[in-house]
Amino acid sequence: MNSLRARLLLILIASTSAIWLCGFAWIYVDARQETQHLLDRRLMEAARMVLSLSAPGTLANDPNLPVVVSAGGPIAGASYEHILTCQVWSFDGRLVGRSGNAPASKLTEQPVGFSERVVDGEIYRVYAAEDPVKRVRVLVGDNLEQRQRFVRDLVRSLLIPAAFILPMLAILIWISVKQGLEPLQHATRSLSARDAENLTPLDVGRSPSEIRPLINALNGLFGKVVAAREHERSFVAYAAHEMRTPLAGLKTQVQIAAQATVPEMRTNALCQALKGVDRTSRLVQQLLAMSRLDASPPRLQDQWINLAAAFRDVTAHMSRDLLPERVTIAASVRNHSVAIDREMFDLAARNLVENALQLTPPDGTVRLSVTQEGHEAKICIEDDGPGIPSGEEELVLQRFFRGRHKSASGSGLGLAIVTTALDRAGAKLRLCSPGGGHGLRAEIIVSSNRVRLDDAA
Amino acid sequence: MRILVVEDDPILLDGLTTGLSLHGMAADGVDTCEDAYSALATTTFSAIVLDLMLPDGSGIEVLRHLRLRNDATPVLLLTARDAVEDRVKGLDEGADDYLGKPFDLEEVAARLRALERRAQGRASPKLVFQTLVLDPGSLEVTLDDKPVHLSRREFGVLRALMLRPGIVCSRSQLEDQLYGWQEEVGSNAVEVHIHNLRAKIGPRYIQTLRGLGYRIRMEAP
């Protein structure tokens, strides 16, 4: 059941009806008992009355007297006529007298007290009383069928008003539920009325405490959406900055080249413009890589990759300007393989090696090595660059952050790409400057069961 | 005209400093807020070209720092973010002008000249003293309506002197206006430029006050 109102309505009407039914059952049982009790008393009283009315010695002892049958015609206006049947028996077994509606046969064989018996196909409840002095036994009986009809009529007289009350109750419940759910309706209306751009928090002030958690949760969600959108917006803003700045640089350099009065100035400007083109194309590449990473969680396939082969592949495709021959691969790398998604690893490795090469002075080296420590295996890329200034360790991982030791061709996206790619591949990146703020060591950390030693390497 | 360029992109920074020098300005470039603070502490600039996104903070912080010190040096903001609110914020924080990237070198130079003119409360773009007219925009000087060909440095010296006729400019002040930090200044460079100027526009305009400096001679020649 999807509608809260229908659900509440159903529950309330069902439970109210159940309570009413229980009440009726109770009243029915109780009324039956009470009437039983009351009618039993009447039987007793009637029996005693008849007994006291019969004259001593007259009726009982004269066997020749005819049976007295009272007429006992119906009483006008009464619906329960012929309720009581009465028989007077002498002790010697002779029927002395009976009421008009009483059967001829004995109502009960029991000498004293209550008993029930079927006589002429009808159930009778009979009270017997005897007078040992008068030697008569009076049997007063009640037709049980009539008794039950009486009780039924009593309950029916209660049910008729209930038949009117229950629908009214249902209407009242319906109105109450509607009124009670009004704050919810209000919240729903205000939610559905707002357009998709409106992410301002809902007003918690007047809402009842039950839906307040829901509204708070919604407001929390709105906050997150706003933050995500803000992040997106700032990404676009940064991306625009990152595109426009090199473009501005290019334009300026080209204008200088056009206006230059001395050949050196023109050559220098054209060199700078070339660098600008390189940087812009690299930035475009990196932006595409980043958006590919962002757009779809790619289907990852771990496969065993020989580290030395992978790194050689990475450096082979690198621009010669970066002097990739400065990369030295330690022996430990040559006989190790790692189980990782090839594309993600290549992306991370290429960016890390490029970073290292860009920051390392021309006579420095970039060293690759593998170490195992407990459950962790580290693939290390160390450079001779300036390292990361203190205070920038966290910042360098952010998109478009270009630290104080930036390179001319850096896009500010490299490390962000590395962290995202490694995150996708189930690995981690750790950066540390081991040599007291000099040189940088980037570590790709994977669990040690994903690294194995190759036999014949 | 000494300009400070604060821009973190090395290619653009190089382009701006070189390009502005082509327009007769002496430009110094820095690429961080920190360097901008130290540059501002030691040198007086005619105007500042300020990028908003810098590696160690925002250009707005530099601007705020400047205005807090009650420094009225004109500031031209450069930024790739050209949303209206960004522009408004920059101007409200005390910037004098705003230029979105990418821009024309000519426009940057023209705006800087306009900023300087406004800062000095001049109405005319040209500097005029008697029959000597100097146009900072076209880098042209005319004397009695005849063009005078001056080198970039000579033009700079004459421009600095003509900004405030009659007021003395010391040799170091002139050097500051002519040379960036990167440039080697010969010990008698200013004297040489003055000498050449006198040869081109005649000796009567520039007066030497020994030990003090130079000025445009105000008394009737």
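Residues numbered from 1 in each chain as written. Chains lettered and ligands numbered in written order. Predicted model: local features only at pLDDT ≥ 70, side-chain atom pairs only at ≥ 80, totals over all residues. Heavy atoms only, no water.

> Can you explain the overall build of chain B? Please cite residues and give values.
Along chain B, the regular secondary structure elements total 8 helices and 13 strands. The buried share of chain B, taken over its 221 residues, is 52%. For chain B, long-range pairs separated by at least 24 residues make up 59% of all intrachain contacts whose partners lie at least 6 apart in sequence. Here chain B has roughly 9,800 Å² of accessible surface; of this, 50% comes from carbon and sulfur atoms. (Helix = DSSP H or I, 4+ residues; strand = E, 2+ residues; numbered from the N terminus. Buried < 20%, exposed > 50% of the residue type's maximum accessible area, 1.4 Å probe, protein only. Contact = heavy atoms within 4.5 Å. Areas by Shrake-Rupley, 256 points an atom, 1.4 Å probe, with all protein chains shown as cover.)

> So what about the interface of chain B and chain A? Which residues, and what values?
A common measure of how large an interface is: the accessible area buried when the components associate. Facing the 29 residues of chain B at the interface are 27 residues of chain A. Together chain B and chain A conceal approximately 2,400 Å² of surface at their shared face, both sides included; 61% is due to carbon and sulfur atoms. Per-residue buried area on chain B facing chain A is highest for Ile11(B), Leu22(B) and Met53(B); these three make up 25% of the total on that side. There are 2 salt bridges connecting chain B and chain A. (Buried area = accessible area lost by both parts, 1.4 Å probe. Salt bridge = Lys/Arg side-chain N within 4 Å of Asp/Glu carboxyl O.)

> Just give me the short version of the sheet that holds strand S11 (residues 376-382) of chain A, but keep the residues and values in it.
Adjacent strands of a sheet pair through backbone hydrogen bonds, lying either parallel or antiparallel. Residues and elements named next belong to chain A. On the basis of which strands lie adjacent, the open sheet formed by 5 strands has the order S8-S10-S11-S13-S12 and mixed pairing. The open sheet has two edge strands with one neighbour each: strand S8 (327-329) and strand S12 (428-432). On average, adjacent strands in this sheet sit at an angle of 25° to one another, irrespective of strand direction. Contacts between helix H6 (residues 307-316) and the sheet are confined to S8, strand S10 (366-373) and S11, with S8 contributing the most and set at about 165° to the helix. (Pairing = 2+ DSSP bridges. Axes fitted to C-alpha atoms, helices over the stretch in contact; angles between N-to-C directions.)

> Report on the sheet that holds strand S8 (residues 127-129) of chain B, specifying residues and quantitative values.
All names here are of chain B. The antiparallel open sheet is built from 4 strands, whose spatial order is S8-S9-S10-S11. Looking at which strands have only one partner, the edges of the open sheet turn out to be S8 and strand S11 (146-148). The mean angle between the axes of side-by-side strands here comes to 25°, regardless of whether they run parallel or antiparallel. In terms of strand pairing, strand S10 (residues 140-143) meets S11 through 3 bridges, oriented antiparallel. By the bridge assignment for S11, Thr142 is matched with Pro147.

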